[in-house]
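The lines below spell out each chain.
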Amino acid sequence: MDINVMNLSKTYESNVEQKKVLDQVTFKVNKGEWVNIIGRSGSGKTTLLKCLSGIMSADRGSIINIGDLPIHSKSEEDRREFRRQHIGYIYQDYQLFPAYTAKQNVMLPELPYQNESILLKRAEELMEQLNIEHRQDALPNQLSGGEQQRVAIARALLNNPDIFVCDEPTGNLDRSTRDEVLQILKQLQEEGRTILFVTHDYDVIEYGDRIFEMDDGRLEEVSQKTLIIEKPIKN
Ligand SMILES: Nc1ncnc2c1ncn2[C@@H]1O[C@H](COP(=O)(O)OP(=O)(O)OP(=O)(O)O)[C@@H](O)[C@H]1O
Ligand SMILES: [Mg+2]
């Protein structure tokens, strides 16, 4: 699915202040592309991912089309249903349910909709692929950061979404586990899925087709060459 964003703005409002975090963000991602998003902490990356996935509503006037669906004009419930069917979202802070085991967390979003034994099998396969099957019965607070991250990744992969929205999904992984996750995503990309990937990791950037940089709420495409000149790749 394509992603087409025009003039996406987001203002957080509290009783003390208004804070404009996204400022007229405009960009397009074609189906099957892998786009990386970089930018300093607090520049608005997570806010962008949450608005375009419909987790959060954007300011009036923002246009977000995913495939044929105008996300900006849909109700919260419609957005949730669309996300369930088409988007695999890997949260920066995992968002696992503390009262459920790792395996239950992987299956939970789909349990009301699909046959339980099919889901169980799929969850087990994914956990095996991500090397966390031995922790399947542990609760989230009994898991390490990297294990929780892998549970969150397995959950996002569960129903083969068209688009993966990944918010620093490899930040807590060791190099070999990170590479396995990247390989899984690469394979999914080759099958035609679209990937949006926020990262600070220059090794991850090698996997992507294009790079955008978020700077104080504004998004601009940057070339790989500029990045290498400005911020030499480690090693
Ligand atoms: N719910 C909220 N209410 C008010 N301000 C918020 C809220 N969520 C985030 N912010 C602020 O919006 C700005 C952008 O936050 P965001 O989480 O999008 O940044 P980020 O680029 O993802 O940062 P990081 O790299 O640290 O994850 C920050 O200044 C943050 O403090
Ligand atoms: Mg963030």
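Cut-off values and rules
- Residue positions within a chain follow its written sequence, with the count starting from 1.
- All chains are assigned letters beginning with A, and all ligands numbers beginning with 1, in the order in which they are written.
- A pLDDT threshold of at least 70 governs which residues receive local features in this predicted model, and a stricter bar of 80 or more applies before side-chain atom pairs are shown or counted, although totals over entire chains, interfaces and linings include all residues.
- Only heavy atoms go into the side-chain values, all of them from the structure, while hydrogens and water stay out.
- Residues are counted as near a molecule or strand when any one of their heavy atoms sits within 4 Å of it.
- Whenever two N or O atoms come within 3.5 Å, that pair is a polar contact, provided that in protein one can donate a hydrogen and the other can accept it, and provided that, for residues adjacent in sequence, both atoms are side-chain atoms.
- Only the protein chains shown count as cover for residues, with accessible areas throughout obtained via the Shrake-Rupley method and a probe of 1.4 Å.
- Secondary structure follows DSSP: runs of H or I at least 4 residues long count as helices, runs of E at least 2 residues long count as strands, and numbering of each begins at the N terminus.
- One bridge is not enough; two strands pair if DSSP finds at least two bridges between them.
- With water excluded from the atoms, a metal site may look incomplete; its donors are any N, O or S atoms within 2.8 Å, or within 3.2 Å for Na, K and Ca.
- In what follows, salt bridge is the name for a side-chain nitrogen of Lys or Arg lying within 4 Å of a carboxyl oxygen of Asp or Glu.
- Using a 1.4 Å probe on the protein chains alone, a residue whose accessible area is under 20% of its type maximum counts as buried, one over 50% counts as exposed, and one in between counts as partly exposed.
- For every element, the axis is a line fit to its C-alpha atoms; helices are fit only across the contacting stretch, and the angle between N-to-C directions ranges from 0 to 180 degrees.
- In plain words, nonpolar cores are sets of buried Ala, Val, Leu, Ile, Met, Phe, Trp, Tyr and Cys residues tied together by side-chain atoms within 4.5 Å.
- Any two residues whose heavy atoms approach within 4.5 Å at even a single point are treated as in contact.
- Any helix carries an expected span of 1.5 Å times its number of residues minus one.
- This arc corresponds to the set of directions leading from the helix axis out to the C-beta atoms.
- When charges are counted, neither His nor the chain ends are considered; positive counts come from Lys and Arg and negative counts from Asp and Glu.

As annotated in an unreviewed UniProt entry, the chain carries the name Putative ABC transport system ATP-binding protein and comes from Piscibacillus halophilus.

Peer 1: So what's going on with the site of ligand 1? Which residues, and what values?
Peer 2: Lining the immediate environment of ligand 1, one finds 14 residues, of which S41, G42, K45, T46 and T47 sit closest. K19 is positioned with one of its side-chain polar atoms (N or O) 3.3 Å from an oxygen atom of ligand 1. Considering ligand 1 on its own, with 640 Å² of exposed area, one finds that the protein chains cover 63% of that surface. Secondary-structure elements contributing two or more residues to the shell around ligand 1 are strand 2 (18-29) and helix 1 (45-52).

Peer 1: Pulling in residues and values, what's your account of the sheet that holds strand 5 (residues 69-70)?
Peer 2: Taken together, four strands build an open sheet; the order of strands is 2-1-4-5 and the sheet is antiparallel. Single-partner strands in this sheet number two, and they are strand 2 and strand 5. Of the pairings in the sheet, the one linking strand 1 (residues 3-13) to strand 4 (residues 63-66) comprises four bridges and is antiparallel in character. Opposite V5, over in strand 4, you have I64 as the bridge partner.

Peer 1: Which residues make up the coordination of the magnesium ion (ligand 2), and what are the values?
Peer 2: Listed as protein donors to the magnesium ion (ligand 2) are T46 (OG1) and Q92 (OE1); their distances from the metal cover 2.0 to 2.2 Å. Placement of the pair is T46 in helix 1 and Q92 in the loop between strand 6 (87-90) and helix 3 (102-107), with a sequence separation of 46 residues.

Peer 1: Mind laying out the pattern of salt bridges, listing which residues take part and the relevant values?
Peer 2: By the definition in use, this model includes 15 salt bridges. For K20, the salt bridge is made with D23, and the minimal N-O distance between the two is 3.6 Å. Owing to a relative accessible area of 23%, D23 belongs among the partly exposed residues under this scheme. Taking the shortest distance from any N to any O, the salt bridge between E147 and R135 comes out at 3.7 Å. You can see E147 sitting in helix 5 (residues 145-157) and its partner R135 sitting in the loop between helix 4 (116-129) and helix 5, a full 12 residues away along the chain. The buried category is assigned to E147, whose relative accessible area is 14%.

Peer 1: Which residues make up the sheet that holds strand 9 (residues 210-215), and what values do they have?
Peer 2: Strand order in the open sheet formed by six strands is 6-7-8-3-9-10, and the pairing between neighbours is mixed. Edge strands, defined here as strands with exactly one partner in the open sheet, are strand 6 and strand 10 (218-222). Adjacent strand axes in the sheet meet at a mean angle of 20 degrees, parallel and antiparallel pairs treated alike. When strand 3 (residues 34-38) meets strand 9, the two strands line up parallel, connected through four bridges.

Peer 1: For the nonpolar core, give the residues involved together with the corresponding values.
Peer 2: In this structure, W34, L130, L157, L185 and F197 are the most contacted members of the largest nonpolar core, which totals 34 residues. Elements supplying a minimum of two residues to this core: helix 3, helix 4, helix 5, strand 7 (163-167), helix 6 (175-190) and strand 8 (194-198). No other element matches the six residues that helix 5 contributes to this core. L185 has contacts with W34, F164, C166, I195 and F197, leaving out every residue within four places of it along the chain. In this structure, I3, V29, Y91 and L219 belong to the second largest nonpolar core, which totals 28 residues.

Peer 1: How would you sum up helix 6? Please name residues and give values.
Peer 2: With 16 residues, helix 6 extends 22 Å between its outermost C-alpha atoms, agreeing within 8% with the 22 Å of an ideal straight helix rising 1.5 Å per residue. Restricting attention to buried positions, one finds in helix 6 the residues T177, R178, V181, L182, I184, L185, L188 and Q189. For helix 6, the angular spread of the buried residues around the axis is 155 degrees, confining them to a single face. When the buried face of helix 6 is taken as reference, the exposed residues oriented beyond 90 degrees from it are R175 and E190. Structurally, helix 6 contributes buried residues whose contacts are with strand 3, helix 4, helix 5, strand 7, strand 8 and helix 7 (202-205). The N-cap residue of helix 6 is D174: its side-chain oxygen and the backbone nitrogen of S176 are 3.1 Å apart. Looking at the residues trailing helix 6, positive phi occurs at G192, about 105 degrees.

Peer 1: Which residues make up the side chain of E168, and what values do they have?
Peer 2: Mapped onto the elements, E168 comes out in the loop between strand 7 and helix 6. With no salt bridge to any partner, buried E168 finds its closest opposite charge in K45, at an N-O distance of 4.9 Å. In this structure, E168 is in contact with K45, Q92, Q149, V198, T199 and H200, ignoring residues within four places of it in sequence.

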